[in-house]
Amino acid sequence: MSDERHTSEAIDLLVALIRNACVNTGDPTSGNEIRSVRTVQEYLGMEGTVVEPVPGRASVVYRLKGFDPSAPALLMIPHLDVVPADDAEWTHDPFGAVRADGFIWGRGAVDMLNLTSAMVVVFKWLTAGLMAQPPGDIILACVADEEAGGVLGARNLVDNHWDLVTCDYVLTEVAGPTLTTSDGVALPVTVAEKGPMWRKATATGTPGHGSQPYGRDNAVETLGRAIVKIAGSDQPVRVTEQWLLFVDYLGLDSDVTKMLKDPDSVDSAIETVSEYDIALARWIHACTHMTLSTNVVEGGTKINMIPDTAHADIDIRLLPGQDASDVDDHLRKVLGPDLFDEITFVPVLDMTANQSVTSGRLWNAIGAAAEHHLGTSRLAPIMTPVTTDARFFRERGIPSYGVGLFDDTATFSQMLAMFHGIDERVSEVSVQRTTEFLATVIEAFGSQRGES
Ligand SMILES: [Zn+2]
């Protein structure tokens, strides 16, 4: 074990993790995160506690005991899995971890193996005495299966192994580059995420021979009418308090910013933004709307048979303050009472949005680290439209944040486009800065007094 802090170790670790290609397709036999668990074990020189609910789907947990049992414990919980990537569309092999032009290229470079590597290196510094150790426990849990809902990773740890991950504060994803406004720079910190309220829509009809459709109910046609209506109607706007706190940090033109705060003008402001930055427009839309997207359709068995059932999976995402009744209200309004009654909507996933407070010991520590590295403690509290493992801890009232520190080689919206996108890459400098930044966060967390 080296006796100095080398941020280059985070780069080497990131390269190794990308090359392990722990691709999670959603199939329980994919992922095979045990390979990256071994990489982490080897690097740390410690076994940790391995939890492997299904062969190959491993997570590893380490707990560095603090010296004051009454001091708050901090959990770093990065994931090891990544989503698939189609080689043909990439500039470099998505699992080659090619180092070129100052970047590390590959699936997971942004989501989230950059942070995973930084957190593992910081944990090593802590255990090697290369950093001031906070009084409370520091836990590192490198987990499987985040990309398919965490059932074999964080969800399993929280539900079945709570003793391993017991904590008072959490650091996980999502981290993004700094934002520049007329008042200077601000560091985005993920504090909230939308709630997936997924629905399986089913239409039924009367079966019969396809040659004589007169007077029959065709389930595919009924469902088709519903899908077209859902797709063709405006998605409900909602300007949340969290959005009002955040929108100024985007540093957009002042007229556009003003419009983005008013539910009546949000949609036209988004149209304006889409003309020059579609990724940003898409993200703003998600942050200000209940979104509905029909993503799977099944129905019928044979070209000459009138189908009696058809299904559609609809990905619906709720903003803070919305619940299942808002979904039903919207669907009833869009479909009309008759069509609404013809279709059953069965919950596939029923979660409301979650968020953490923008105050407290870890929040203050992030602010102090930002002051140290950026010269400002302005933190921009951000909501992500996707789900992360943070939700399992926010459910238990544990403040959970995502943060890192990047250089200016990718803007906020360029980074948005890289999540699950092509040519995902991160600059080497960003990986090193994030590592130093997280080390400062933990030291600042440890040195704070009073408030726990
Ligand atoms: Zn992720």
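What counts and how
Residues numbered from 1 in each chain as written. Predicted model: local features only at pLDDT ≥ 70, side-chain atom pairs only at ≥ 80, totals over all residues. Heavy atoms only, no water. Helix = DSSP H or I, 4+ residues; strand = E, 2+ residues; numbered from the N terminus. Buried < 20%, exposed > 50% of the residue type's maximum accessible area, 1.4 Å probe, protein only. Polar contact = N/O pair within 3.5 Å; in protein donor to acceptor, adjacent residues only side chain to side chain. Contact = heavy atoms within 4.5 Å. Donors = N, O, S within 2.8 Å, 3.2 Å for Na, K, Ca; no water. Tetrahedral: all angles 85-135°; square planar, octahedral: opposite > 155°, others 65-115°. Core = buried A, V, L, I, M, F, W, Y, C linked by side-chain atoms within 4.5 Å. Domains from an automatic or database assignment. Buried area = accessible area lost by both parts, 1.4 Å probe. Nonpolar A, V, L, I, M, F, W, Y, C, P; charged D, E, K, R; others polar. Pairing = 2+ DSSP bridges.

**Student:** Account for the side chain of His289, with residues named and values stated.
**Tutor:** When you line up the elements, His289 lands in the loop between α10 (278-288) and β13 (291-299). Overall, His289 belongs to the buried group, its relative accessible area being 1%. Within the structure, His289 has its side chain in polar contact with the side chain of Asp267 (distance 2.7 Å). Discounting residues that sit within four places of it in the chain, His289 has contacts with Lys194, Gln235, Pro236, Val237, Val266, Asp267, Ile270, Arg317 and Leu319.

**Student:** Outline the coordination of the zinc ion, listing residues and values.
**Tutor:** The protein atoms donating to the zinc ion are His79 (NE2), Asp111 (OD), Glu173 (OE) and Glu173 (OE), with metal-donor distances spanning 1.9 to 2.5 Å. Its 4 donor atoms give the zinc ion angles of 55 to 153° at the centre, a pattern that matches the irregular case. Sequence spacing among the residues donating to the zinc ion works out to H-x31-D-x61-E. Pair noted here: His79 is in the loop between β3 (74-76) and β4 (99-100) and Asp111 is in the loop between β5 (103-105) and α3 (113-127), with a separation of 32 residues, a long-range link. The class for His79 is buried, based on a relative accessible area of 1%.

**Student:** A description of the nonpolar core should follow, citing residues and the corresponding values.
**Tutor:** Leu171, Trp283, Ile284, Ile366 and Phe437 are the most contacted members of the largest nonpolar core, which totals 94 residues. Broken down by element, this core gets its largest block of residues, 10 residues, from α3. Of the domains in this structure, domain 1 (8-181 + 354-447) and domain 2 (195-347) are the two that each give at least three residues to this core. Excluding anything up to four places from it in sequence, Trp283 contacts Trp243, Phe246, Leu250, Ile382, Met383, Pro385, Phe412 and Leu416. The next biggest cluster of nonpolar side chains, apart from the first, holds 22 residues, and it includes Met197, Leu292, Leu335 and Phe345.

**Student:** Got a sec to walk through the domain arrangement of the protein? Specific residues and values, please.
**Tutor:** Segmenting the protein into domains produces domain 1 (8-181 + 354-447) and domain 2 (195-347). Look at where the C-alpha atoms of domain 1 and domain 2 centre, and you get two points 32 Å apart. Taken residue by residue, the interface counts 17 residues in domain 1 and 17 residues in domain 2. For the pair domain 1 and domain 2, the two sides together bury roughly 1500 Å², of which 70% comes from carbon and sulfur. Looking only at domain 1, the three residues that lose the most surface to domain 2 are Pro381, Met383 and Pro385, adding up to 35% of its buried area. Mapped by element, the contributors of at least two residues to the side of domain 1 that touches domain 2 are β8 (179-181), β18 (379-384) and α14 (412-418). Take the side of domain 1 that touches domain 2: its biggest share by element is 5 residues, from β18. Among the residues forming the side of domain 1 that touches domain 2, the class breakdown is 11 nonpolar, 5 polar and 1 charged.

**Student:** Outline the environment of Arg317, supporting the account with residue identities and numerical values.
**Tutor:** Within the fold, Arg317 resides in strand β15 (residues 309-318). Distance from Arg317 to Glu193, taken between C-alpha atoms, is 9.6 Å for residues 124 residues apart in sequence. Excluding residues that lie within four positions of it along the chain, Arg317 makes contacts with Lys194, Gly195, Pro196, Trp198, His289, Met290, Thr291, Pro385, Val386 and Thr387. Side-chain polar atoms of Arg317 contact the side chain of Asp315, separated by 2.8 Å.

**Student:** So what's going on with the pairing of strand β11 (residues 199-204)? Which residues, and what values?
**Tutor:** Pairing geometry for β11 and β15, over 6 bridges, is antiparallel. The residue bridging Arg199 from the neighbouring strand is Ile314, located in β15. As paired elements, β11 and strand β16 (residues 343-347) share 5 bridges and run antiparallel to each other. Across the sheet, residue Arg199 finds its bridge partner in β16, namely Pro347.

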